[in-house]
Structures are given as structure tokens and as C-alpha cells.
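# Examination of the molecular architecture
As a plain string of letters, each chain reads:
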Amino acid sequence: MSDSVISVRGLRKSYDELEAVRGIDLEVFPEEIFAVLGPNGAGKTTTVEILEGYRDRDAGEVSVLGVDPASPTPAWRERIGIVLQSTTLEPALSVRESLQQYAGYYREPRDVDEVIELVGLGEQAGVRARKLSGGQQRRLDVGIALVGDPDLLFLDEPTTGFDPSARRQAWEMVAGLRELGKTVLLTTHYMEEAQFLADRVAIVSAGEIVALDTPENLGDRRRLPTTITFTVASGTDLSGVGTTGRPEASGQAEDGRVAVRVSTHEPVADLNRLTAWSLEGEIELEQLEVRRPSLEDVYLELTEA
Amino acid sequence: MRSLGLALHEFRFAQKVFWRNPASVFFTALLPVLFLLIFATIFGDQHIDELGGLKVTTYYIPAIVTLAVISATMVNLAMNVTIAREAGLLKRGRGTPLPPWVFIAGRIGNAIVISAVMVVVVTLIGKLLYDAPIPWERIPAVIVTLVVGAASFCCLGLAMTVIIPSREAASAITNAITLPLYFLSGIFIPESEIPDGVLSFANHFPVRDFFQAFFSAYSPNTVGSGFEWGELAVVAIWGLAGFLIALRYFRWTPRS
């Protein structure tokens, strides 16, 4: 475990009466993109700000790049890059000037023009920050965090409030950081974001980690049943279908048809049985769909109080 | 050595940001000049008997220099540092290897350079338009007074950020503090027109003391070196108090 970039054991933090973080353990490894996923108020930002050296903690052991962030040193600051929850830019400076200003703070900064290309702002290099779109401002924000050439990057809700295309662009940029060999700790309340970007995801709810795994395996997703849905004419006898999961009428469809749902752990075999039954009995199946449990299902199940 | 270079780096960007902000440029650089031109036009060639027959226009030069220095230091820092704090820029700066004092030093350097420019501009306008003499023989007193004043009002500006809760409140609070003091201290209205009771009240605040000290250093009627150590001490004590308050209570993170 000594090769981990971030190591957290039993982290706790309260504000007056409110217990914001109630015993979090996690480990982030080199060159990993690690997402902390959770609803607003789950304790994500408190946790990240403790790791960034902004907040003190009540209890627990924390090591970030081998240093306790409660006593940050300039040498440690050289190795981390931070994107705060809200965009923080000097509106009067251009993209290039903003990056030059922050580059000056580091002993071995990354080349400013290279960073401009990295965050896809080549055409806006001379544009002042106040004139950039929200998505472009956020990319400049990430550029500023990258200009010190950090080993570890913190991104606190990097795409909150974005439209879908700006979000997609931001994702591609963050995914590109993997090629630079950066370790990234990301917080988000978007499931798709965690799914698209992260190697591993910790779901946080009410100050605790309720699940921690790869996006594919999260919350025993493989063990949750697959759902097959279709519609049949109303009055159809479903007793002869023969699937392992019992067909259940799940509601009224259009044209007097009935929606039916089958919950199954053998989706392929059951689909075969279902279609065979349909062909033999000349029963028409419409709107046939097979759906694996989504990360959203898992997330909602885990974070519902 | 590296810290000094960083402070210079920070100063360069503080300058850029200042000159690109129309509100800063107007209130800090243009408004004092505008005040000077307006007052000089209204009061024309009057003389102040109580001050040995001093021309009113000559009176207004040190008055407006006082105002300009306070604007460039205390008002400018109180507003711009608060705005930077509320925008999260101070917090972000703390997340970099930049030593915190360098961040502040860059902005103080900016305030002092703008003060110096304003002193030169106002004094030159006085000389060229109103034949107000440049006090060459008292230059040591002029420089010492300006340095003590600018440094003290910088500290007071940083202390003011402690009481300003938000970006919106910044200009209201700074104006509520400075404008009445300008009136009461003889900056806007010649002190010969102000009742003694009011002046002795104003004497409790550093605007009046700074003005008196600078007036002595500047005025052609002054006899001697022009140093007003008593007033300068009061200004310095205010500055020190501001420094201690800022040191103890300064916030790097947004309040709202």
C-alpha cells in the first residue's frame, strides 16, 4: 500500500452539529482516475478540501503524495494541481496571461503553449477570461491546475452546470490526462461522468462510502437481475412463457396492450424461451427491450436514505 | 531572491489587471484629477486668510494628493482584495507554491506605484495650471510623509477586507468610511470653513492626520523642514493597528 498516491483511513470532520464526513477510507493509486460520486451535501467537497490542504480534520490518517496535507509545504504544492468547485479566473487576463501568471509560481512549469493546446483553447489564447464561454472558462481553470505539471490533480465537480456538448468536450480533455500519466481525483454528482472517466468510483452518501469499485462492478451490478420488457395484446395468457423469472404485468400500453416485465439472472436463455413462445403461439411481442441494471439504478439504491 | 522575483511577477499582473478595470482607473486615477479641476474652477483665485493668505488652488493640491493616495492604497486594496477573495482567487493562490505574502506584496506594490504616479500627476497639474509651487526644499518631508501614509493606508485597506462581507458591500462600506472623513478633514472643503469642533473630531482619524502632515510638507507657507512627527506617528499607529488586525483576521476563502 506504500505506493498509493492518496491514502485515507478513518477520516472524520464535523461542522458544529453536522457530521460532514463520518469515517472515510480510500486509496488512490498512481495514474488512476478515481471518482468520488455522491449527491450534494454528501461530504465530497469537505473530503477533497482536506486532501488539498485547505481544511483541517477531526480524526483519521491522511497521506497525499507521502505528505500529511494538514501541514502542506511549498514542495508538496509543486506536485499537486487544484480545480475548485467554482471557476476561479481573473476576468481581465487572457488565456495565455492567466497561464503565464500561474506558471511563474512553479519551479518547473509545463510550457504555456502546450497547456493551451492540451485544454483545447488554441483559438482563444489571446481572449480575456471574461469573454470565454462557461465551458471554455472551466477548461482554462483545468489548464491553470496543469501548468505546474503536477503529479496529482484534484477536480471538484468539473462539469456542473454544463450543457451536454461542453460536458462531452470536458470529459475528453480529462480522459486525455491519462496519457500524461497524471493521477486524478474527481468529484461529481453525475453518474455518466463517473462511468465515462473513472477507473474506480467511490459512492459517498451522508459522509460515508457506501460502495467502492470499478464502474462495471459497482454495487454488485453483475449480480443484480437484467430486465426484459415487452408489450402483448391484453388478455394474452402468459402462463406458458416458461422463463425463469415470472412475467409480471407492469402497466397499460397504447392500443389496449399490456406492458410486461421479466426480471432474470439468465437473460439469454429467457430471451430464447420468450421468442420461441411468441413464434409458436403466433403472439406478437412489441417494444422488446433488454436492459442491464444501470449505474443509476445502483446509485439510487445506495444513496436513498 | 526568488521570492523577490515572484513579487515582481505578481506586481506585473496586478498592474495589468488594474489598468484594464475601468472602475479602478476611473475612481483611482481620474476622479481625484476631476475633483481638483472642479474645486479649482469653483473657488478660482480666492485666498485663505487663516492660512496666511494661501491660494485656494494651492490648498487643494495637497488635499487631492491625500485623497489620491488613500484611494490608490486603502480603497483600492479594500475593494480589489475583497473581490479577489470572493471570486476564490485568494483561495486558489493558496493552493499553489506561491508564498502568501508575495501575493499581498504584489498588490501593495501596485498600490504604491499608482500612488506615486498620482502624486506626480496632481503636483504637476498644480504647477502647470494653477502655479502651485513644487516644494523642492522640503522633499525629504514629502517623501517620508507619503511613504508612511501609503504604507499605513495599505494596512488599513487589508484590515477593511476583514469587515467587508461580500463583493457587493465592498464599495458601499469603503465609501461610507472615506467620504465623510474627506469632508470632515478639510479635503473637500478648506479647513478654514470647518468648525473647530468638527476638526477636532476628525483629528481622531488618520485621514486628517495624514492630510495635516502632507499639507505641512507641501505648503509654501511652511517654515522649517515640514516634518510633522506627531501626525505621522498617529498615522503610523493606525497603520500598525490595521496590520495587526489583517495579520490576525485576514481571510483567504470566500465568505459568501
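Residues numbered from 1 in each chain as written. Chains lettered and ligands numbered in written order. Predicted model: local features only at pLDDT ≥ 70, side-chain atom pairs only at ≥ 80, totals over all residues. Heavy atoms only, no water.

Our focus in this paragraph is the packing of aromatic side chains. This model, assessed by the stated rule, comprises 22 aromatic pairs over all chains. Arranged with centres 4.8 Å apart and planes meeting at 75°, the rings of Phe183 of chain B and Phe188 of chain B form a pair that is edge-to-face. Directly above the ring of Tyr54 of chain A sits Lys91 of chain B, whose terminal nitrogen or CZ lies 5.2 Å from the centroid. Sitting over the face of the ring of Tyr102 of chain A, Arg92 of chain B holds its NZ or CZ atom 5.7 Å from the ring centroid. (Phe/Tyr/Trp six-rings, centres within 6.5 Å; stacked < 30°, edge-to-face > 60°. Lys NZ or Arg CZ within 6 Å of the ring centre and 35° of its normal.)

Before going further, it helps to spend a moment on the sheet that holds strand β13 (residues 286-291) of chain A. Residue and element names in this part refer to chain A. In spatial order, the strands read β11-β12-β10-β13; together these four strands make up an open sheet with antiparallel pairing. Bordering the open sheet on either side are β11 (248-252) and β13, each of which pairs with just one other strand. Taken pair by pair, the neighbouring strands of this sheet meet at an average axis angle of 25°, ignoring direction. (Pairing = 2+ DSSP bridges. Helix = DSSP H or I, 4+ residues; strand = E, 2+ residues; numbered from the N terminus. Axes fitted to C-alpha atoms, helices over the stretch in contact; angles between N-to-C directions.)

Attention now moves to the packing of helix α1 (residues 2-20) of chain B against helix α5 (residues 100-130) of chain B. Residues and elements named next belong to chain B. As a packed pair, α1 and α5 sit with axes 7 Å apart at the nearest point and diverge in direction by 55°. Relative to α5, the element α1 is oriented oblique. Judged by the sense of rotation from one axis to the other, the crossing of α1 with α5 is right-handed. Together, Ser3, Leu6, Ala7, Glu10, Phe11, Ala14, Gln15, Phe18 and Trp19 of α1 and Trp101, Val102, Phe103, Ala105, Gly106, Arg107, Gly109, Asn110, Val113 and Ile114 of α5 make up the contact between the two elements. Taken together, the residues that form the contact of α1 with α5 break down as 12 nonpolar, five polar and two charged. (Parallel < 35°, antiparallel > 145°, perpendicular 65-115°, else oblique. Left-handed = near helix turned anticlockwise from the far one by under 90°. Contact = heavy atoms within 4.5 Å. Nonpolar A, V, L, I, M, F, W, Y, C, P; charged D, E, K, R; others polar.)

Further remarks concern the interface of chain B and chain A. Listed per partner, the contact involves 18 residues of chain B and 27 residues of chain A. Contact between chain B and chain A buries roughly 2,200 Å² in total, counting both sides, with carbon and sulfur atoms accounting for 55%. The largest per-residue losses of area from chain B upon contact with chain A belong to Arg20, Arg92 and Pro97 of chain B, which jointly make up 33% of the total buried on that side. At the boundary of chain B and chain A, one finds four salt bridges. One salt bridge in this structure joins Glu97 of chain A and Arg20 of chain B, with 2.7 Å as the shortest N-O distance. (Buried area = accessible area lost by both parts, 1.4 Å probe. Salt bridge = Lys/Arg side-chain N within 4 Å of Asp/Glu carboxyl O.)

Mapped onto the fold, Glu10 of chain B is located in helix α1. Separated by 151 residues in the primary sequence, Glu10 of chain B and Thr161 of chain B place their C-alpha atoms 20 Å from one another. What Glu10 of chain B contacts, discounting residues up to four positions off in sequence, is Gln101 and Tyr105 of chain A together with Leu98, Val102, Phe103, Gly106 and Arg107 of chain B.

Time to look at the side chain of Thr123 of chain B. For Thr123 of chain B, the position within the fold is in helix α5. Residues in contact with Thr123 of chain B, not counting those within four places in the same chain, are Ile61, Val65, Ile134 and Tyr218 of chain B.

All names here are of chain B. Look at helix α3 (residues 56-86): 42 Å from first C-alpha to last across 31 residues, which is about the 45 Å you get at 1.5 Å a residue. The principal kink in α3, of about 40°, is found at Asn76. Gly88 lies just past α3 and shows a positive phi near 85°. (Expected span 1.5 Å × (residues − 1). Bend = angle between axes of the 7 residues up to and from the residue.)

Turning our attention to the pattern of salt bridges. If you walk through the whole model with that rule in mind, you get 27 salt bridges over all chains. Linking Lys182 of chain A and Asp149 of chain A is a salt bridge whose minimum nitrogen-to-oxygen distance equals 2.7 Å. Pair noted here: Lys182 of chain A is in the loop between α6 (164-177) and β7 (183-188) and Asp149 of chain A is in the loop between α5 (134-146) and β6 (152-156), with a separation of 33 residues, a long-range link. Its relative accessible area of 6% is what places Lys182 of chain A among the buried residues. For Asp149 of chain A, a relative accessible area of 31% gives the class partly exposed. Close ionic contact of Arg85 of chain B with Glu86 of chain B constitutes a salt bridge, the shortest N to O distance being 2.8 Å. For Arg85 of chain B, a relative accessible area of 2% translates into the label buried. With relative accessibility at 14%, the residue Glu86 of chain B sits in the buried group. (Buried < 20%, exposed > 50% of the residue type's maximum accessible area, 1.4 Å probe, protein only.)

Turning our attention to the domain arrangement of chain A. Here the domain parsing of chain A yields domain 1 (6-220) and domain 2 (223-294). Taking the mean C-alpha position of each, domain 1 of chain A and domain 2 of chain A sit 44 Å from one another. (Domains from an automatic or database assignment.)

All names here are of chain A. With four bridges connecting them, β11 and strand β12 (residues 257-264) associate as antiparallel partners. Each residue of the ladder has a partner; that of Ala249, found in β12, is Val260. Between β11 and β12, which follow one another and run antiparallel, lie four residues, and Asp255 among them has a positive phi close to 55°.

Counting 60 residues, the largest nonpolar core has Leu99, Leu140, Val147, Leu155 and Val201 of chain A as its most contacted members. The next biggest cluster of nonpolar side chains, apart from the first, holds 51 residues, and it includes Ala29, Tyr60, Ile125 and Tyr130 of chain B. (Core = buried A, V, L, I, M, F, W, Y, C linked by side-chain atoms within 4.5 Å.)

In the predicted model, chain A carries a mean pLDDT of 90, and the fraction of residues at 70 or more is 98%. Considering each helix and strand of chain A separately, the mean pLDDT is smallest for helix α9 (residues 295-303) of chain A, with a value of 76, and largest for helix α3 (residues 95-103) of chain A, with 98. (pLDDT = per-residue confidence, 0-100.)

Let us now look at the layout of surface pockets. Considering only enclosed or pocket space, the largest pocket measures out at about 1,100 Å³ in volume. Lining the largest pocket are 50 residues, and of these Asn21, Ser24, Met79, Asn80 and Ile83 of chain B lie nearest its centre. Mapped onto the lining of the largest pocket, the elements with two or more residues apiece are α3 of chain A together with α1, α2 (22-43), α3, α5 and α7 (167-184) of chain B. Of the residues belonging to the lining of the largest pocket, the class tally is 27 nonpolar, 16 polar and seven charged. There is about 450 Å³ of room inside the second largest pocket. Gly53, Tyr54 and Arg77 of chain A together with Arg94 and Trp252 of chain B are the residues nearest the centre of the second largest pocket, which is lined by 19 residues in total. For the lining of the second largest pocket, the secondary-structure elements that each account for two or more residues are α2 (74-77) of chain A together with α4 (89-94) of chain B. (1 Å grid on protein atoms, 1.4 Å probe; cavity = no way out; pocket = protein on both sides within 12 Å on 5 of 7 lines; lining within 4 Å. Points joined across faces, edges and corners; volume = space filled by probe spheres on them.)

Residues and elements named next belong to chain B. Secondary-structure assignment places Asn221 in the loop between α9 (206-218) and α10 (229-249). Residues Asn221 and Gly52, 169 residues apart in the sequence, show an inter-C-alpha distance of 7.2 Å. Other than its neighbours up to four places away in sequence, Asn221 contacts Leu51, Gly52 and Leu54. Only 2.9 Å separates the side chain of Asn221 from the backbone oxygen of Leu51, close enough to count as a polar contact. (Polar contact = N/O pair within 3.5 Å; in protein donor to acceptor, adjacent residues only side chain to side chain.)

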